[in-house]
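# Coordinates in review
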Amino acid sequence: MRVLITGVTGMVGSHLAEYLLGFDGVELFATYRWRSRMENLEELKRADKLVFVTESSSIVSPGDLELMIRRHIEPGKLHLIEGDMTDSSSMRRLMAAVKPDRIFHLAAQSYVPTSWSAPAETLYRNTIGQLNILEAVREAGLDPLIHIAGSSEEYGFVLPEELPVKETNPLRPLSPYGVSKVAQEMLAYQYFKSYGLKTIVTRGFNHEGPRRGEVFVTSNLAKQIAEIEKGLKPPVVYVGDLSSRRDWSDVRDFVRAYWLALEKGVPGEVYNVGSGITRSVGEMLDVLLSMTECKIEVRQDPARLRPSDVKVLMADATKFKKLTGWEPQIPFEQTLKDLLDYWRDRV
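Let me sum up the structure you'll find in this document. (Residues numbered from 1 in each chain as written. Predicted model: local features only at pLDDT ≥ 70, side-chain atom pairs only at ≥ 80, totals over all residues. Heavy atoms only, no water.)

## Brief notes about the overall build of the protein
Broken down by element type, the protein carries 12 helices and 14 strands. Over its C-alpha trace the protein gives a radius of gyration of 20 Å, about what one expects of a compact globule, namely 20 Å for 347 residues. Its C-alpha atoms put the protein at 60 × 45 × 40 Å along the principal axes. Look at the contacts in the protein between residues 6 or more apart in sequence, and 82% of them connect residues 24 or more apart. With an accessible surface of roughly 14,800 Å², the protein has 52% of that area assigned to carbon and sulfur atoms. Side-chain charges in the protein split into 44 positive and 47 negative, and the spacing between the mean points of these groups amounts to 1 Å. (Helix = DSSP H or I, 4+ residues; strand = E, 2+ residues; numbered from the N terminus. Rg over C-alpha atoms; globule rule 2.2 N^0.38 Å. Contact = heavy atoms within 4.5 Å. Areas by Shrake-Rupley, 256 points an atom, 1.4 Å probe, with all protein chains shown as cover. Lys, Arg positive; Asp, Glu negative; His and termini not counted. Charge placed at Lys NZ, Arg CZ, Asp CG, Glu CD.)

Right, dumping it as structure tokens:
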């Protein structure tokens, strides 16, 4: 089985790659960009699990790229191919050469505040990027299972009586990022109905853990605490809105869910993935602060407040759990401890 991951240099993509390398009979491929930050693949590099098939797929033909893949293929390793999903020709060459049986499409501009400052870039990268992937699959005449990583941000404004949120809830996105994920989901459905592509969408609620980008709230707060412990900054943690409530799971549980989505999910369907437990940002911060001996002041920074924010997100993942048997296994406190230790090792 050939599996292709887009966005492998991100937190989720790197954990998914590690998870899939534990499977027998999987030939694992992934795209990366020449400017991609590679630190999330450090563990695979140290374990000699990375193979760079090409660092410039844009200059070779699909036939040449296929020959390069044959020369470089090694069991139990992640094979990296340079490619940008916003470049349609790059995606056509990639799909024609790799011919994946399963695709995990994770690549995106995924930081909500950035979508406020760069809405056009967010919409273009997330929507047109996916369009290029789906068109490349269609033009190559392939028939893979395609996982589309949606987001709970698609729900946006949720009424109190609508909690926990089911897949049938109205989508009222409150950010350009949320809008872009709705567009991705609609494209997946349209290509399923129009062309028979086997797209399966998960609306993932918040997932955290080691390698989380420092712009995200859990990781940002953990990094600030680690810097304080090392004496690199005064004992003050700067925060935004602490009242927003989120449904947090561990990224290592999420990659299991993504695999199960393609193993047992129904093409054309949408599934919530989440714990069903909601905590406020302030409660999350209290857990992190309980893990340090430093006396730390919490101070609000107006620059960290958003123009509009989703106040509460809590998943009803009954549909997905009944279909797949998936349940979160890693306790929330363990997720935060691993995230804090990740930053302690790096600051």
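Further notes follow.
## So, the packing of aromatic side chains
To describe a pair of aromatic rings, you give the distance between the ring centres and the angle between the ring planes. In this structure the tally under the stated criterion is 14 aromatic pairs. Taking the centre distance of 6.4 Å and the plane angle of 85 degrees together, the rings of Phe254 and Trp326 count as edge-to-face. Of this pair, Phe254 sits in helix α9 (residues 251-264) while Trp326 sits in the loop between α11 (318-324) and α12 (332-344), and the two are 72 residues apart along the sequence. Note on Phe254: relative accessible area 0%, which makes it buried. (Phe/Tyr/Trp six-rings, centres within 6.5 Å; stacked < 30°, edge-to-face > 60°. Buried < 20%, exposed > 50% of the residue type's maximum accessible area, 1.4 Å probe, protein only.)

## A word on the packing of helix α6 (residues 119-139) against helix α7 (residues 176-195)
Packing of α6 against α7 brings their axes to within 9 Å, and their N-to-C directions diverge by 15 degrees. Considered as vectors, α6 and α7 are oriented roughly parallel to each other. Crossing handedness for the pair α6 and α7: right-handed. Residue-level inspection shows Pro119, Thr122, Leu123, Asn126, Thr127, Gln130, Leu131, Leu134, Glu135 and Arg138 of α6 in contact with α7, the latter providing Pro176, Tyr177, Val179, Ser180, Lys181, Ala183, Gln184, Leu187, Ala188, Tyr191 and Tyr195. The residue inventory of the contact of α6 with α7, partitioned by class, reads 12 nonpolar, 6 polar and 3 charged. (Axes fitted to C-alpha atoms, helices over the stretch in contact; angles between N-to-C directions. Parallel < 35°, antiparallel > 145°, perpendicular 65-115°, else oblique. Left-handed = near helix turned anticlockwise from the far one by under 90°. Nonpolar A, V, L, I, M, F, W, Y, C, P; charged D, E, K, R; others polar.)

## As for the nonpolar core
Formed by 36 residues in total, the largest nonpolar core has its most connected members in Ile5, Leu28, Leu78 and Phe104. Counting residues per element, the ones that place at least two in this core are β1 (2-6), α1 (11-20), β2 (27-32), β4 (78-82), β6 (145-151), α9 and β12 (270-273). With 9 residues, α9 is the largest single contributor of residues to this core. Among all residues touching Leu78, those that are not within four sequence positions of it are Val8, Ala17, Leu21, Leu28, Phe29, Ala30, Leu41, Leu44, Lys49, Leu50 and Val51. Core analysis: the next-biggest nonpolar cluster, separate from the first, contains 29 residues, Ile81, Leu94, Leu134 and Leu197 among them. (Core = buried A, V, L, I, M, F, W, Y, C linked by side-chain atoms within 4.5 Å.)

## Quick word on unusual backbone geometry
Residue Pro164 is reached from Leu163 by a cis peptide bond, and omega for that bond is -10 degrees. Turning to its location among the elements, Pro164 is positioned in the loop between β6 and α7. With phi around 55 degrees, Lys99 is a residue other than glycine that occupies positive phi space. Along the chain, the position of Lys99 falls in the loop between α4 (88-98) and β5 (102-105). Taking relative accessible area as the criterion, Lys99 reaches 38% and is therefore assigned partly exposed. Backbone geometry at Arg211 places phi at a positive 85 degrees, although glycine is not the residue there. One can find Arg211 in the loop between β8 (207-208) and α8 (217-229). What makes Arg211 buried here is its relative accessible area of 9%.

## A few points about the packing of α8 against α12
Where α8 contacts α12, the axes come no closer than 8 Å and their chain directions differ by 50 degrees. As far as their axial angle goes, α12 and α8 are oblique. As for how α8 packs across α12, the hand of that crossing is right-handed. Along its contact with α8, which presents Thr218, Ser219, Ala222, Lys223, Ile225, Ala226 and Glu229, the element α12 presents Leu339, Leu340, Trp343 and Arg344. A class-by-class count of the residues in the contact of α8 with α12 yields 6 nonpolar, 2 polar and 3 charged.

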